[in-house]
Amino acid sequence: MIKGLRERFRYFKATGTTGIVAFIMSLLPDEKTCLDCIKALEQGGCDVLELGIPFSDPLADGEMIEKFHHRGVEKGLNLDKGLEFAFKVKEIIHMPLVIFTYFNPVYQMGIENFRTRICEIGAEGVIVPDMPLEELERLTAKDIEVIPLVAPSTPEARIKKADSLNPPFIYCVSVRGITGMQELPEEEIKDYLLRVRNNSISPLALGFGISSPEQARVFKDYTDALVVGSLLASVIEEYMSQPGRLPQEIESMIRKFKKAVSC
Amino acid sequence: MYPDARGYFGRYGGRFVPETLIPALDEIEKSYRKLQEDDRFKSQLAAMLKDYAGRPSPLYFASRLSEKLGGARIFLKREDLNHTGSHKINNTLGQALLARYMGKKRLIAETGAGQHGVATATAAAVLGMACTVYMGAKDAERQKLNVFRMQMLGAEVVKVAKGSQTLKDASNEAFRDFIRSFEYSHMVIGSVVGPHPYPMLVRDFQSVIGEELKEQFVQKEGKMPDYIVACVGGGSNAMGIFYPFLSLPEVKLVGVEAGGKGLLPGCHGATLAQGREGVLHGALSLLLQDEHGQVAPTHSLSAGLDYPGVGPEHAFLKETGRAEYVYIRDEEALKAFYELSRLEGIIPALESAHALAYACKLAPRLRPDQSIVVNLSGRGDKDVEQVAGIKEV
């Protein structure tokens, strides 16, 4: 498989295939289980890993992922520990790694510091959900790829602006709002993705609200990748008390998604 | 002129929200700038403030309190006499009218002490709009009376039992609602916090306090006051009374934060005194947080000051030195609460009692020809039950 985040996304776009991006919160329920889950994701065919950093006030996230943020904060987790963990993760996986964090922890760490850490880890992208396009330049530098987000409410001019940053991909938020599983108005989402497509040349990833392989199949031709987040969190939640069984559940879930988008 | 075009007061402010919300914020800013020039909107708001909210609020010379303290004369700007019992109505009427002009049918609000929730529910009722108010479960418990009031006014009250269970988490939930519903809803932020244009919007709607004061004080005393003292949680009543005086350097402006049980981590709400730069609820300002940027727990006897953030313009005024910020501990505020009740027959809100307590410390150090205006931002009815449960010091 092709190495590199940018290259992978270009490949998806060029070949019309659809990649799977998995979001998982770092270090939960504990370090070992989390690492096992990540290995299982890759085993199941996941293409890109999006690793979340727990934050006390995650206002762009829905209830399920918010619960993981709060749980993490209660356990004393933070950006520093999350990045230490990311370093270990990077050593055991081959797929590209993207870090998902709110802005305040980055600001406290110091933006320069954060960039250095990201480079040391070898993470290939950063997603900061509470930073709109105007603020992203605080983070951008030649050695760090910042992923812009767009939403159904985003006007065409702003889609073009996101595209002009020449990102590895544009993250398309699918529901008007927050991460979490809910019924998507199919046609509306398709129209939205077409609108983004028509105003950009970057590859696209559709996220926030993909809750089943069937749904993934519906949208696969409209995007270059799909993000699975809340659903994965709910599987972790369900099997948390059986850490032995958790990896195989995750692996089989990802396999189902991969199968759904490749037929 | 602050804020600048990007919504910054110096380096504070801005917009740190999901991209989804940007078009909604743009729409609010555009509509507001248009309505600022619209005579019909202005006269409609002025009429509501006068005939419905009861403005102008009186300026009262607290003679018995001044006499007892010795030193400067203390005046009270009686925002407690407004309809719904606090300054919050100035902003909610303004924003609700703005929302109606934008064609929104529903208002969303976050509330700490419940005063902003009540004021939003009231504005929604009188303008025929739906209303949902988010309130921390801990606050809903200590301010039960306001929960009933909001419900009686027809609002839906959602108690938030997450995180700190106070204003911070209520705000997170309100933002989540807004992100999902902005096409038909307007979020009425209750303080000078949040992403641009809210700090400007709320400041402007609250500036009526300072504008009135200027006129009233000159009329009464033939000059400007020496000090204006106001409590600061997010900072809306302070910003409203300070703003028209920013260009008059002879008037000293003092913001009073919640010192809680003292300045140990988690024991206070003194953001300007102890906070570092950070981002919460959409703006870069000062913030109480740990070294890793996790937002810190806070404490204050008064729910309205129990908040880890503060409006970006206050951070800016602190930096430029135009305003000074101090803090008052729970017990000092409680003492002032009783003092004003017994000497002047006015039961103040616990929030306002913080401003008052500072004025009581300041007055004896000043000359009798000097004057202090305290913004009595709210009345204390909502706090009676809570205070009755605490043994008087």
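The rules behind these values
Residues numbered from 1 in each chain as written. Chains lettered and ligands numbered in written order. Predicted model: local features only at pLDDT ≥ 70, side-chain atom pairs only at ≥ 80, totals over all residues. Heavy atoms only, no water. Helix = DSSP H or I, 4+ residues; strand = E, 2+ residues; numbered from the N terminus. Rg over C-alpha atoms; globule rule 2.2 N^0.38 Å. Buried < 20%, exposed > 50% of the residue type's maximum accessible area, 1.4 Å probe, protein only. Areas by Shrake-Rupley, 256 points an atom, 1.4 Å probe, with all protein chains shown as cover. Lys, Arg positive; Asp, Glu negative; His and termini not counted. Charge placed at Lys NZ, Arg CZ, Asp CG, Glu CD. Pairing = 2+ DSSP bridges. Axes fitted to C-alpha atoms, helices over the stretch in contact; angles between N-to-C directions. Contact = heavy atoms within 4.5 Å. Salt bridge = Lys/Arg side-chain N within 4 Å of Asp/Glu carboxyl O. Polar contact = N/O pair within 3.5 Å; in protein donor to acceptor, adjacent residues only side chain to side chain. Nonpolar A, V, L, I, M, F, W, Y, C, P; charged D, E, K, R; others polar. UniProt positions renumbered as here; feature names shortened; annotations may be inferred. Right-handed = clockwise from strand over helix to strand, strands pointing away.

Comments concerning the overall build of chain B
Then comes step 1: The helix and strand tally for chain B stands at 16 helices and 14 strands.
Then comes step 2: Its C-alpha radius of gyration of 19 Å places chain B within 12% of the 21 Å reference for a compact globule of 393 residues.
Then comes step 3: In terms of overall dimensions, chain B has C-alpha extents of about 55 × 45 × 40 Å along its principal axes.
Then comes step 4: Here chain B, with 393 residues, has 68% of them falling under the buried criterion.
Then comes step 5: Of the accessible surface of chain B, which amounts to about 13,600 Å², a share of 53% is contributed by carbon and sulfur atoms.
Then comes step 6: Computing the positive centroid from 47 side-chain charges and the negative centroid from 46, chain B places the two 2 Å apart.

Quick notes on the sheet that holds strand E7 (residues 156–160) of chain B
Residues and elements named next belong to chain B.
Then comes step 1: Across the sheet, which stays open at both edges, the four strands sit in the order E7-E6-E5-E8 with parallel pairing between neighbours. Looking at which strands have only one partner, the edges of the open sheet turn out to be E7 and strand E8 (185–187). On average, each strand axis in the sheet is inclined to that of its neighbour by 20 degrees, with strand direction left out of account.
Then comes step 2: Here three bridges tie strand E5 (residues 106–111) to E8, and the two strands are oriented parallel to one another. Across the sheet, Arg 106 pairs through a bridge with Ser 185, a residue of E8.

Considering the interface of chain A and chain B
Then comes step 1: The interface is formed by 38 residues belonging to chain A together with 36 residues belonging to chain B.
Then comes step 2: The interface formed by chain A and chain B contains six salt bridges.
Then comes step 3: Note that Glu 135 of chain A and Arg 6 of chain B form a salt bridge whose closest N and O atoms lie 3.7 Å from each other.
Then comes step 4: Counting across the interface, chain A meets chain B through 24 residue pairs in polar contact (both at pLDDT 80 or more).
Then comes step 5: Residue assignment for the side of chain A that touches chain B shows that the elements contributing at least two residues are helix H3 (63–74), helix H5 (103–109), helix H7 (133–136) and strand E5 (149–150) of chain A.
Then comes step 6: Looking at which element gives the most residues to the side of chain A that touches chain B, the answer is H5 of chain A, with five residues.
Then comes step 7: Here the side of chain A that touches chain B is built from residues that sort into 19 nonpolar, eight polar and 11 charged.

Quick word on the sheet that holds strand E8 (residues 225–228) of chain A
Residues and elements named next belong to chain A.
Then comes step 1: Spatial ordering of the open sheet is given by E4-E3-E2-E1-E8-E7-E6-E5, a layout of eight strands whose pairing is parallel. The outermost strands of the open sheet, each flanked by one partner alone, are strand E4 (125–127) and E5.
Then comes step 2: Bridging between strand E1 (residues 19–25) and E8 involves four bridges; their strand directions are parallel. In the strand pairing of E8, Ala 22 is matched with Val 228.
Then comes step 3: Contacting E1 and E8, helix H12 (residues 246–262) crosses the sheet at an angle of about 155 degrees to E1.

Here's the deal with the UniProt feature "domain: Tryptophan synthase beta chain-like PALP" (unreviewed entry) in chain B
Then comes step 1: According to UniProt, the feature "domain: Tryptophan synthase beta chain-like PALP" (unreviewed entry) maps to residues 53–378 of chain B in the numbering used here.
Then comes step 2: Helix makes up 41% of residues 53–378 of chain B and strand 21%, with an end-to-end C-alpha separation of 13 Å.

Some details on the UniProt feature "modified residue: N6-(pyridoxal phosphate)lysine" (unreviewed entry) in chain B
Residues and elements named next belong to chain B.
Then comes step 1: Taking the UniProt record as the reference, the feature "modified residue: N6-(pyridoxal phosphate)lysine" (unreviewed entry) is found at Lys 88.
Then comes step 2: Within the secondary structure, Lys 88 is located in helix H4 (residues 88–101).
Then comes step 3: Given the relative accessible area of 15%, Lys 88 is considered buried.
Then comes step 4: Ignoring sequence-local partners within four residues, the contact set of Lys 88 consists of Gln 115, His 116, Ala 119, Gly 190, Gln 206 and Ser 236.

So, the pairing of strand E6 (residues 130–136) of chain B
Residues and elements named next belong to chain B.
Then comes step 1: By the criterion of burial, E6 is predominantly enclosed, with six of the seven residues buried.
Then comes step 2: Pairing analysis gives six bridges linking E5 to E6, with the strands arranged parallel. Bridged to Ile 108 within E6 is Thr 132.
Then comes step 3: Handedness of the E5-helix H5 (residues 115–127)-E6 crossover: right-handed.
Then comes step 4: Where E6 meets E7, five bridges bridge the pair, whose relative direction is parallel. Note on E7: the bridge partner recorded for Thr 132 is Glu 156.

Overview of the environment of Glu 63 of chain A
Then comes step 1: Mapped onto the fold, Glu 63 of chain A is located in helix H3.
Then comes step 2: The exposed category is assigned to Glu 63 of chain A, whose relative accessible area is 57%.

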